[in-house]
Amino acid sequence: SQQGEEDPQALSIQEGENATMNCSYKTSINNLQWYRQNSGRGLVHLILIRSNEREKHSGRLRVTLDTSKKSSSLLITASRAADTASYFCATSAGNTGKLIFGQGTTLQVKP
Amino acid sequence: EPEVTQTPSHQVTQMGQEVILRCVPISNHLYFYWYRQILGQKVEFLVSFYNNEISEKSEIFDDQFSVERPDGSNFTLKIRSTKLEDSAMYFCASSVSGGLNTGELFFGEGSRLTVL
């Protein structure tokens, strides 16, 4: 299996706090992507980090990638109640474009 | 903003019946995918499609499954004889780039399939 684990499985924080989610994978990758899914909805792309990049920022999101440890982290700063959702990492490897998703982290941000 | 649209949003069917799930990818996208998500579980890859042929399929995508792009806009997933374990949310996705340069996938809102 290409994909490993995400942790934590569930995270509950107060509004304004930071949320950190981690993702591990097993094989070499082309890139790693993070997606968000509100309950019962489709997945929305958040950020993509290529295998030769170590850190990337987008608004309140910060993603790191450590290819030596085959791991990535997603940091959401100054969280809001609207950030409540499930967050999935997904790795792209090979040459067919498929993404392999992790188990996801369910984030609850309390107002 | 362009979006991927899927129909139906929910379909209930009897075991053994054929089901066709439909998707309209974003118009200038060239790569198309189907994923599924059993309730409470992770998103699983089913199949990728490019240049009118399957690029890759997973073990889940057995002979009961097929995909088709019958015209320039629709992308369909057919399940010939549904089983109880096919009950899931099925997501269609499309992307501009693929292969080694796969970028952001745009997902539809999903079609929930319930097999009774």
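These numbers come from a predicted model, not from an experiment.

A.B. asks: Tell me about the overall build of chain A, residues and numbers included.
C.D. replies: Tallying secondary structure elements over chain A gives zero helices and eleven strands in all. Tracing chain A from N to C terminus, the helices and strands come up as β-β-β-β-β-β-β-β-β-β-β. On C-alpha atoms alone, chain A measures out to a radius of gyration of 13 Å, which is about the 13 Å that the 2.2 N^0.38 rule sets for 111 residues. Taking the principal axes of the C-alpha coordinates as reference, chain A spans close to 40 × 30 × 20 Å. Buried residues in chain A amount to 49% of all 111 residues. Within chain A, residue pairs in contact and separated by at least 24 positions form 55% of the contacts whose partners lie at least 6 positions apart.

A.B. asks: So, the pattern of salt bridges: which residues are in play, and what are the values?
C.D. replies: Residues and elements named next belong to chain B. If you walk through the whole model with that rule in mind, you get seven salt bridges over all chains. Between Glu44 and Arg36 there is a salt bridge, and its shortest N-O distance comes to 3.1 Å. On the basis of relative accessibility, which here comes to 23%, the residue Glu44 falls in the partly exposed class. Among the ionic pairs, Lys83 bridges to Asp62, the shortest N-O distance being 3.8 Å. With Lys83 in the loop between β8 (75-79) and β9 (88-95) and Asp62 in the loop between β6 (53-57) and β7 (65-68), the pair connects residues that are 21 residues apart, well separated along the chain.

A.B. asks: Explain the sheet that holds strand β3 (residues 19-24) of chain B to me, and be specific about the residues and the numbers.
C.D. replies: Residue and element names in this part refer to chain B. Within the open sheet, the four strands sit side by side as β1-β3-β8-β7. Their pairing is antiparallel. Strands at the two margins of the open sheet, each flanked by one partner only, are β1 (5-7) and β7. The average angle at which neighbouring strand axes cross in this sheet is 15°, direction not considered. One ladder, built from four bridges, connects β7 with β8; its direction is antiparallel. Paired with Glu68 across the strands is Thr76, a residue of β8.

A.B. asks: I'd like a rundown of the state of the cysteines, residues and numbers included.
C.D. replies: Residues and elements named next belong to chain B. Using the criterion set out here, one finds two disulfides over all chains in the structure. What pairs with Cys23 in a disulfide is Cys92, and their sulfur atoms sit 1.9 Å apart. An S-S torsion of about -65° defines the bridge between Cys23 and Cys92 as left-handed. Of the two residues, Cys23 is situated in strand β3 and Cys92 in strand β9; the sequence distance between them amounts to 69 residues. The pair Cys23 / Cys92 is uniform in exposure class, with both members buried.

A.B. asks: Any details on the nonpolar core? Residues and values, ideally.
C.D. replies: With 21 residues, the main nonpolar core has Trp34, Leu46, Phe61, Val67, Phe75, Leu77 and Tyr90 of chain B as its most contacted residues. Listing elements by their share of this core, those giving two or more residues are β3, β4 (31-37), β5 (43-50), β7, β8, β9 and β11 (111-115) of chain B. Residues Leu32, Leu74, Ala85 and Leu107 of chain A belong to the second largest nonpolar core, which totals 20 residues.

Criteria and thresholds
- Residues numbered from 1 in each chain as written.
- Chains lettered and ligands numbered in written order.
- Predicted model: local features only at pLDDT ≥ 70, side-chain atom pairs only at ≥ 80, totals over all residues.
- Heavy atoms only, no water.
- Helix = DSSP H or I, 4+ residues; strand = E, 2+ residues; numbered from the N terminus.
- Rg over C-alpha atoms; globule rule 2.2 N^0.38 Å.
- Buried < 20%, exposed > 50% of the residue type's maximum accessible area, 1.4 Å probe, protein only.
- Contact = heavy atoms within 4.5 Å.
- Salt bridge = Lys/Arg side-chain N within 4 Å of Asp/Glu carboxyl O.
- Pairing = 2+ DSSP bridges.
- Axes fitted to C-alpha atoms, helices over the stretch in contact; angles between N-to-C directions.
- Disulfide = S-S within 2.5 Å.
- Core = buried A, V, L, I, M, F, W, Y, C linked by side-chain atoms within 4.5 Å.

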